[in-house]
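Single-letter residue listing:
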Amino acid sequence: MNKITIAIDGFSSTGKSTIAKQLAKKLEYIYVDTGAMYRAVTLFALRKGHIDAENFSVNDLVADLDAINLTFKYNDSLGFAEMYLNGENVEKEIRTLHISEYVSKVAAIPEVRYQLVKQQQKMGKDKGIVMDGRDIGTVVFPDAELKLFMTASPEKRAMRRYKELIDKGDKVAYEDVLRNVQSRDYIDSHREDSPLRQAEDAVALDNSDMGLKEQFERILNLANRTI
Ligand code: C5P
């Protein structure tokens, strides 16, 4: 069967990865969560002391980029790939609110984007891939056959993320999650390099009041019509 590239972009916590994972499974495609890669670089920068609440040493992080090795390894029992940073499984650590508080600053650095985009393009060179992020349809795969742009109100997105974090045992306050979602929206859409925006040929989907099943059916339908 003809394999295509599916790019799913949108604001944070719009459920992109849930849909992307389901879609990849159904189509037997590879799924790549590019947010995990930016999160892992952020974890590295925090551990190395390149970034903290007061300081951000962009030059030191950039000089250290070659020391970062990112890989995805498929976990059979979970049914998706987990993120490894220099051989260590960091899947849990990168999903915390702490990482979310720094990641957009790290993702705004052009040298970081250059490295990660190169890796992402390599992963998708044979098509048959569902990739989610912020710049997949605009920068990573501008020729993707199917592009989706997902959005929902900040409050709805923050509530979803809040519940996810609480379920994982993270003691967070809803207000902090909402603030983080809004701050990432702002930084991600206003950075100079590859700002978050809807590609002209992307299909927009506001899922504020849409269940997962309905979204999935719509998107699968679009995919099947494109393939
Ligand atoms: O998708 P997720 O919310 O995990 O992404 C975390 C952050 O990584 C985003 O807020 C954004 O700053 C950055 N990101 C990006 N480009 C991508 C994917 C994520 O800038 N393709």
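Now for a quick tour of the structure. (Residues numbered from 1 in each chain as written. Predicted model: local features only at pLDDT ≥ 70, side-chain atom pairs only at ≥ 80, totals over all residues. Heavy atoms only, no water.)

Some points on the pattern of salt bridges
For clarity, the threshold we go by: Any carboxyl oxygen of Asp or Glu that lies within 4 Å of a side-chain nitrogen of Lys or Arg is treated as forming a salt bridge with it. Relative accessibility under 20% of the residue-type maximum defines a buried residue, over 50% an exposed one, and the middle range a partly exposed one, all with a 1.4 Å probe and only protein chains included. Helix and strand assignments come from DSSP, with helices taken as H or I runs of at least 4 residues and strands as E runs of at least 2, each series counted from the N terminus.
Applying the stated rule across the entire model yields 17 salt bridges. Asp188 is the salt-bridge partner of Arg191, the closest N and O atoms lying 3.6 Å from each other. Each member of the pair, Arg191 as well as Asp188, is classed as buried. Lys213 serves as the salt-bridge partner of Glu217, at 3.6 Å between the closest nitrogen and oxygen. In this pair, Glu217 and Lys213 both sit in helix H9 (residues 212–226), four residues apart, roughly one turn of the helix. On the basis of relative accessibility, which here comes to 48%, the residue Glu217 falls in the partly exposed class. Since its relative accessible area comes to 63%, Lys213 is described here as exposed. Residues joined in a network through salt bridges with shared partners are Asp33, Glu91 and Arg95.

A few points about the sheet that holds strand E4 (residues 80–85)
Selection criterion: Two strands are counted as paired when DSSP detects at least two bridges linking them. Two residues qualify as a contact provided that any one of their heavy atoms is within 4.5 Å of a heavy atom in the partner residue. Comment: axis = line fitted to C-alpha atoms, over the contacting stretch for helices; angle = value between 0 and 180 degrees taken between N-to-C directions.
Judged by pairing direction, the sheet is antiparallel, and its three strands sit side by side in the order E3-E4-E5 without closing on themselves. Lying at the two open borders of the sheet, with one neighbouring strand each, are strand E3 (70–75) and strand E5 (88–89). Packing against the sheet, helix H2 (residues 34–48) makes contact with E3, E4 and E5, and its axis sits at approximately 25 degrees to E4.

Details of the side chain of Asp33
Short version of the rule: What qualifies as a polar contact is a pair of N or O atoms within 3.5 Å, subject to a donor-acceptor requirement within protein and to the restriction that residues adjacent in sequence count only when both atoms come from side chains.
Along the chain, Asp33 falls in strand E2 (residues 30–33). Within the structure, Asp33 has its side chain in polar contact with the backbone nitrogen of Gly35 (distance 3.1 Å). For Asp33, the side chain forms a polar contact with the side chain of Arg95, separated by 3.0 Å. Beyond its immediate sequence surroundings of up to four residues, Asp33 is in contact with Phe72, Arg95 and Asp132.

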